[in-house]
Every structure is written in structure tokens, then in C-alpha cells.
Amino acid sequence: MTRPIRTLFFFVSAALLALAFWLSYSDLAPLGRNTSAYGDLVNSITVPQRHITDAVTAVNFDIRGFDTLGEEFILFASVLGVVLLMRRRSDDPMGDHEDKARGRIVPYPSDAVRVTALLLLSPMVLFGLYIVSHGQLTPGGGFQGGVVLSTAPLLFYLASTYPQFRAVTPPRLIEAAEAVGASAYIFIGGVCMALGGQFLENVLPLGKTGTLVSGGTVALIDLGVGLEVSAGFVLMMLVYLEELMEAKEQ
Amino acid sequence: MPVAIPLIAAALLAALSKAISQAASLIIAIAATLGAMGACVLLAGASRSESIVYWFGGWRPHAGVALGISFVIDPLGAGMAGFAGILTLAALAFSAKYFDTAENHLHALILAFLAAMCGFTLTGDMFNLFVFFELMSAAAFALCAHKTEDPGSLQGALNFAVTNTIGAYFILTGIALLYARIGALNMAQIGQTLGREHPNKLVFVAFAFVVCGYLIKGALVPFHFWLADAHAVAPTPICVLFSGVMVELGLYAVFRVYWAVFDPVFHIHIAGLRALFLSVGALTAVLAGVMCYSQRNIKRLLAYSTISHMGLMTIGAGLFDPVALSGAAIYVLGHGLVKAALFLCSGILLHRFGTVDELELHGVGKPLKWTAAVFVLGGIALAGTPFSGISAGDASLHSAAEHLGYHWVRWISLFAGTMTSAAVLRVAGRVFWGWGPARERASGAAPKSDEKRETQSGHKTIPSSMFLPAAVLLLAGLFLGMMPALPQSTLKAAAQFTNSSAYDARVLGGVSIAIPGPAMPETNVTFSLIAVGLAILIPAAQLFSRQARVLSKAIGPAMKWLHALHSGHVGDYVAFLTFGVAVFALACVFILQ
Amino acid sequence: MSYLPYAVAAWLFIIGLYGVITSRNLVHLCICVSVIQSSSYVLLLAIGYRTGRPAPVYADIPAGTPAVDPVVQALMLTDVVVEVTVMALLLALAVQVHKRLGTLDPDRLRKLRG
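Residues numbered from 1 in each chain as written. Chains lettered and ligands numbered in written order. Predicted model: local features only at pLDDT ≥ 70, side-chain atom pairs only at ≥ 80, totals over all residues.

### Regarding the overall build of chain C
Then, number 1: On a plain count of helices and strands, chain C comes out with three helices and zero strands.
Then, number 2: Reading the secondary structure of chain C in the N-to-C direction produces α-α-α.
Then, number 3: Here chain C has a C-alpha radius of gyration of 19 Å; the compact-globule value for 114 residues is 13 Å, and the former is much larger.
Then, number 4: C-alpha atoms of chain C, sized along the principal axes, occupy 60 × 30 × 20 Å.
Then, number 5: Within chain C, the fraction of its 114 residues that count as buried is 54%. (Helix = DSSP H or I, 4+ residues; strand = E, 2+ residues; numbered from the N terminus. Rg over C-alpha atoms; globule rule 2.2 N^0.38 Å. Buried ≥ 20, exposed ≤ 12 C-beta atoms within 10 Å, placed from the backbone.)

### Considerations on the overall build of chain A
Then, number 1: Along the backbone of chain A there are nine helices and zero strands.
Then, number 2: Going residue by residue from the N terminus, the α and β elements of chain A occur as α-α-α-α-α-α-α-α-α.
Then, number 3: In chain A, the proportion of contacts linking residues at least 24 apart, taken out of those at least 6 apart, comes to 73%. (Contact = placed C-beta atoms within 7 Å.)

### Some remarks on the confidence of the model for chain C
Residues and elements named next belong to chain C.
Then, number 1: Overall, the prediction assigns chain C a mean pLDDT of 82, with 90% of residues at 70 or greater.
Then, number 2: By mean pLDDT, the top-scoring element of chain C is helix α2 (residues 26–48) (89), and the lowest-scoring one is helix α3 (residues 70–101) (86).
Then, number 3: Overall fold confidence (pTM) sits at 0.87, and the ipTM for the predicted complex is 0.92. (pLDDT = per-residue confidence, 0-100.)

### Here's the deal with the nonpolar core
Then, number 1: Counting 295 residues, the largest nonpolar core has Leu109, Phe113, Ala139 and Ala142 of chain B as the members making the most contacts within it.
Then, number 2: At 22 residues, the largest contribution of residues to this core is made by helix α10 (residues 236–266) of chain B.
Then, number 3: Other than its neighbours up to four places away in sequence, Leu109 of chain B contacts Ala77, Leu80, Gly81 and Leu84 of chain A together with Ala139, Ala142 and Leu143 of chain B. (Core = buried A, V, L, I, M, F, W, Y, C linked by C-beta atoms within 7 Å.)

### Overview of the interface of chain B and chain C
Then, number 1: Contacts between the two partners involve 41 residues from chain B and, on the opposite side, 34 residues from chain C.
Then, number 2: Among the secondary structure elements, those contributing two or more residues to the side of chain B that touches chain C are α5 (126–144), α6 (151–182), α9 (225–233) and α23 (570–591) of chain B.
Then, number 3: Sorting elements by how many residues they give to the side of chain B that touches chain C places α6 of chain B first, with 17 residues.
Then, number 4: When its residues are assigned to classes, the side of chain B that touches chain C shows 24 nonpolar, 15 polar and two charged. (Nonpolar A, V, L, I, M, F, W, Y, C, P; charged D, E, K, R; others polar.)

### What about the packing of α9 of chain B against α10 of chain B?
Residue and element names in this part refer to chain B.
Then, number 1: Orientation of α9 relative to α10, taken along the N-to-C sense of each, is 150 degrees, at an axis distance of 9 Å. Between α9 and α10, the angle falls in the class roughly antiparallel. Contacts between α9 and α10 involve Leu227, Ala230 and His231 on the former and, on the latter, Cys239, Phe242, Ser243 and Val247.
Then, number 2: Tallied by class, the residues present in the contact of α9 with α10 amount to five nonpolar, two polar and no charged. (Axes fitted to C-alpha atoms, helices over the stretch in contact; angles between N-to-C directions. Parallel < 35°, antiparallel > 145°, perpendicular 65-115°, else oblique.)

### Regarding the environment of Val35 of chain C
All names here are of chain C.
Then, number 1: Residue position: Val35 is located in helix α2.
Then, number 2: On the basis of neighbour counts, which here come to 17 C-beta atoms within 10 Å, the residue Val35 falls in the partly exposed class.
Then, number 3: Taking C-alpha positions, Val35 is 17 Å from Leu75, a pair spaced 40 residues apart along the chain.
Then, number 4: With sequence-adjacent residues up to four places away left out, Val35 is seen in contact with Leu12, Ile15, Gly16 and Gly19.

### Quick notes on the environment of Leu241 of chain A
Then, number 1: Residue placement: Leu241 of chain A occurs in helix α9 (residues 217–248).
Then, number 2: Along the primary structure Leu241 of chain A and Phe9 of chain A are separated by 232 residues, whereas in three dimensions their C-alpha atoms are 40 Å apart.

### Digging into helix α1 (residues 4–21) of chain C
Then, number 1: Taking 1.5 Å as the rise per residue, α1 of chain C with 18 residues should run 26 Å; its terminal C-alpha atoms sit 26 Å apart, in good agreement.
Then, number 2: Among the residues of α1 of chain C, those classed as buried are Tyr6, Ala9, Ala10, Phe13, Ile14, Gly16, Leu17, Tyr18, Val20 and Ile21 of chain C. (Expected span 1.5 Å × (residues − 1).)

Now the structure itself:
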């Protein structure tokens, strides 16, 4: 279809779709008035039954923990997919698509950038670990903290060159770390089954509400997920940067 | 359990990918697949009398509110998962010699894909269904684009990824709307709550969104454009998985969601729903059958034949009747096996000659006697030879359709089966025996597309690891209808699947209700023989007679327009998608009132 | 005001679809897909909101206080991860397309027709 026909076709469809949306909204309660027995029930039981103060994490890692297992593996499969997609082939075109202007020399990062990046590095790692481990207490958890953790190596990259970055984050180690994190989730679930519960049932001691060691398996799962997410993102960064480097080194 | 085993193996493979050899990784992958399959078979057997309900994390329903995520295992679902395992096994076996440069990441992704399919079929929670849908899709996108040096494969994967992701977000919107209204995510609970109320527009629209999202995966018209592209470029073992089971799972999800969630409330609108699904299915079957016949690229041809058969399966399941559903289920099995065998044969051709273009391969297939045999038999099987899986499925389907008064179903089924089968037989004639003209002058043929090699050099012999899976699968598909217990047990399974009140009661209350078994349909051998006969006549006519070629030239312009519509441009696809969803949603609201 | 978030969600969905359909650049197309994904977040969160209630974190409020729906927020977190991963795959595809064909314009990708 040519562009104008396609656009016209879309406008018609969009009008119909908007109509469908509007019809469905006419039966929705206005903002703030929806009710859900599920949500209220969850809110009332997270503290007494699981000693977890962050209800969202309780839902994510305990009550609906199986969903999160699937989600973690989506991340795992996608990172694997990206690695697969960006791998070097023997018949790669050489010297074709450069990523920078011709003849430009990319300068080494300036001192200001290096100092700032390196200064922020340790607080970032600490902050990331804080978010990961406090998932069951305050908003946060494995995924969020893992992403923050993964920005730490990126800061390192900003402050240095690609070979140095690669030396600090060897791909094999990162891949292994990611796989360990991913399998940890299943492993914990299996352990729960071995200890007499269902898959992923929270059978570990629940600890005192509001302390770091509370929520049983949730804390452990948080750590595993944090490891997997941070390793996964670092791996993706490595793969993307390597793609850039191919172009630059020609 | 069937989900956990492949996932662990996938993680293991990824961790050790650089350390172990390709052979070891393949062994681990096959072992994991066998483990998952074994678990599925056991589950299918155990759940025959009543569905098994498994609550994850030990969160049982509390005063009628389902808290945790449940797996509701019934024979149909476990059967689909087991079938996915069989095809994965075949794909893995084929890929042993097929990928010269594969890394172990490929096996890990295939295992993740299998795990997703298993989880998808067994779950009883709407959002969990979505999560596994996404896992399946993510693995599929990466697997589809495996041949990164071929720009066509990247484009195909891109079209695939964009359309399916948009479909997924339609599903999510539907789930959100339902949650807003009902406040639950567990399918049984939503079903029970909906059954107590009068349906309103939101429920219709949510239903439409969810169904359309899954239909996009199931590649029905007008959402079907991505499938031909994706299949044309994906590596052959992956095509096996896509055609054999992934697309069927889209349909499975639609009907699982319908029977578990929407049946209590839509029951009185069944006539309208039937009309809707039957029209979509019929349109798909006919359109894709026509497109199938006019293709040059063998893999694309097979892809269109999958779409066409999917249309037939939609008709079967869309009759909303246990007998028809059991027919559709057997059809899925039979079609999957045969289609997998056909794809593997085309993979053998690609491996040996470096192309899957029908005209380029003119006559070169003469030395491949056994492959030719499998290919021809597969082609005939698509029309429904007596005793094959496809014809057994057809039988149940047709008898249910007649019973409900839809007499035209039989003819659509004949048309689709014949067209797809004729296309395959024509290819066989051209490739393996060199019949017909070497250059096609009809202007209605699809344009040429080139497919890069998947293996490095032209091999002289076909390794048995490539040929055996194809042969085994084909034999299974050909004789599936002869398995004595199959129709009866599928009927019982279908009855269990469609009994939504039993489902809800079992999941929420742990109560099991006895399900009556419906009557057995009779098989019709003459019908399938007619189909086979036509399927042989049509390509023979095209290859040998001049008049037939003149005829095909006459319909050239119409075909050209049809081909132009399938442009390969992702914007076009999404435009059609939007139109389809909007029309379907409004149809649901207005027709079903 | 009371129906605005829902309208915003529908609008985002439709405008995202518009972007995908009329896009001339693959990266732009991926971002438009992400816009569609954002529409579902807005819808989910709007559905979960309860007027006048605090966030479902019981660290400083007494346990058992009615709060905003946490299930929807958990669903949204899952969705964000799904979005990120799909984006990563799509962008990787876009990068490879640029590398092989030198163009990012969908109109120029003509390899698959019919």
C-alpha cells in the first residue's frame, strides 16, 4: 500500500478503535473508585502472613511468584537472543558502516568525566544493593535494584575505553552470573518443594517484620533476581558496545 | 514441573555455553525435552478423570478469591504441551547436523521456548498466560532472526516481533479492563464472577481485545501477514516449531480463555459468536489457500498452507461444540506432524542445493528418492488421506458442523485442503521429477525471493539425523487416525475442556463434577478420497496442460493485487491489524448484544 | 478528570499505532511500540488507584490499612521488564538491519513480498 492509502486506512481503523475504547470505558468506574477484592485481600494479609511490608514485592515474589519466574526468564531469553543476534559472522562486511564521522578521532574521556563517574561508582553499587536487599521492606526489589546495579559498569565505561571496560566485565563471567541468577529462582522453588510445600511456597523462617531478614524466600529470590538482572543488562551493554566497536575499528 | 525442567536446562546451557561442546549441549537439550515430555504425558494421563489443580506458592483460594497462580492441567492442555515436546525433539534432532555454526545459545533458547509452551498450555491464570505468551514470543523472535547475515531474515523477524508485540499489548489491555471490572486474574474466578452478572460493553470489548491478541499469534486473517514472512526466513527446525505448535497455541489460548472465562456469560450469544469465528476461519482458509498455491518459495508456501489449515481449525473450534473441538485437536496433531515433516524436507533441499525456490530447484531433486517420497506423501496427507490425523479430525469437525446446520463447512474444508495439498504436490512434481515448464510465464506468480544457505557447503549426502525425523513424523501423521483410543479420549478431553462450570468449581472449590461423554462421530472415507483425487489433478493440470496455464494467466492481475497487499512492510501489517481489531471489537459489541 | 487517565491510555495506544504505521525509521518504530506499551501501564495504574488511600507499603503505616491496589502495580513491574526485553530484541534487529542494508527506512526494506 502506498503511504497515503495506508494513513487513510489507519484513520478509519483508529476511529473505530477509539469508539471501541470509549464504549468499554462507559462501564468503568471513574478514577479512584474501582474495587478489587483481590487487591484488598492482598493488602490485608501481607504483613500478618508473610511479615513483608512492601505489598507490591509480596505480590511479585511470593503470591504471584511464578509470574515473576516467567518474567525473569523472558529477560534471560531476550538477553540470550540479543547475544545470538549480534554475534560475529564470518562474512561480516568490512569497512562499510562506520559509526562516527570520517577521520574523526574519538578523544579519551576528559578528567571531569572520569572523576565524576568514578566518584559515583561506589554509591551506585551501594544504592543498587540497598534496593535489592530492601525489596520486602520498601519499594524496590530484585528488578529495580538490578537495573541500578548494572549502571555501575556503565559508569566505568564512560570513564574509560572499551578494552578496559571489557577487562573489568569478562563476558564469560557475566554470562555465568546471569545463568546462576536465573537458575537460583527455580532452585529456590525446588527447595521449597523439597521442604514439603508447593513450588515456590514460602517455607523459610519469616523473621521479624521490618528488618532486613524477613519475608523468607522473598529476600533470597530478590538477591537471585538482582544478580540476574544486573548481569543480563551488563551483558547486553557489552554486546551492543561490541557492535559499535566493530564499526569504529575499521 | 514440565516448565521447570527445560528452564533449568536452558540456564545451565547458557552458563556453560563456552565450556562444553555442541554435542554435549545437544544431549542436554534432548534430555531436558524428553523429561518435559514425559512429565506432560504423565499429567495428561493423570488428569483424565478430573483436572489437576496446582496452586503455586501454596496460595489457595481464600473465601472464593483466588490468590495465587494456578496451573489447571487437563488432558487437552497437557496433550498440547506433550506435542510441543515431540516437535521440539524432532527439531533438535534435525538441527544436530543442520547448523554448522550454532552456538549452544540456540539450544538454550529452544528449551526456553519449550518451557514457555508448556507453561502456556497448563496455566489457569490470565496474566500468567500473558507472561508465558511473552516468553514464547521473545524466544521466537530471537530464533527467527537467527540467520543474521540474511537481511530478509531480519525483516521477517522484525515484522513478526512488531505485530506480535502489539498483539500482546492488546491482550494486556483486555486483561486490565477485565480486572477493573471483576478484580481478579484467575480464569476460573473471573468466569464465576462474570456468570453472575449481565454482560456489558466492557466485557465485550475486553473479550475482543484478548481474543484478537491471541488471534494475531494464531495468524488468522487479517492478522496473518507476519507468518509468511517469519516462516520464509526462520531456520528450518524453528519453522517446524512455529508451524506445528506455536501458531496453534494462539488458537488454544482463545478457546481456553473462552471456555474458562467467558462462557458463563456469553452462553446465550453463542450463535453470534459462531458466526464471527466461522467467518474469520473461512476467510482465512480460502485466502491462504489461494495465496499458498501461487507461491514460489517453498517455505512461504508451507507457511500459507499453515495459515489455511489454521482457518479450518478455527472453524472447528469456533463451532463451540465438544465434538468439533475434539476434531480440531486431532487436526492440530495430524497437521502438525505432517507440516513438520514437510518443513524438514524443505530443509533437506536447502541443505543440499542452497535454495528453496521452486523454479530454481526444477528437476534437481531427482537423486533424492526418499525425500521425494516423504514430501509427496506429506502433500497428499494435507488433503486428508483416509486414516490420517487430518482426516480423522475432519470427520469429527464435519459431523459436528452438519449437526449444527452449517453445511458449507465441508466445502471450505475441501477447498483449503485441496489447494494446499495441490501446491505441495506441484512443488514435488517440479522439484523431484522435473515436470512442467522450467520457467513460469504466468504473471500471477509471487515474486522471487532469495534465501541464503543455512549450512556452509553443498553436501553430497543427507545425514540420517535430518531425514529420520521427517520420515518418522510423517508416518505418525499419516496413520494417526488409526490409533484406536485417540478419537474417544480426545472427545472426553474436549468435553472436559468445554465444561466451564466444572472447571470453575474444580479450581475454586476443589469439587469435581462428572462430565458426560458426547456421542462418537462416524468417519467418511469417500470424502477424503475425493480431496486427494482433486489434489493430484490440479497440479497435474498446471504442470502438463497448456489450457490450464492460459487459465492461470487470466487470473494473473487479481493475484498480483493480492500479492501486492502482502507487501512485507510492517506499517501495512499493523494497519491491517488495527482495522481487524477495531472491527472485531465493534462486532462483538453490536452483534452480540 | 475522573476518566482522563483512561482516555490518555487509549490515546497513547492509538498514537503509538499511528507512529508504527507511518514510521520512516526503524528506531522510531521501536520507540512507538514502546509508547503502545506505556499505554497499558497508564491503564493498569489508573485502574488500581483508590482515592485518598496511601501507597501499599506498610513500613510507616499500620498494617492492615486499606491502601492502593498492589496487584496492579506488580503487574506493571512485570510489564516493564517485558517491554525492556522486547525493546532490546527489536533494537538489536534494527542495528543488524542497518549493518546489512545501510538503511533504517521500512519503505526500503523490500526483501519479503507476496
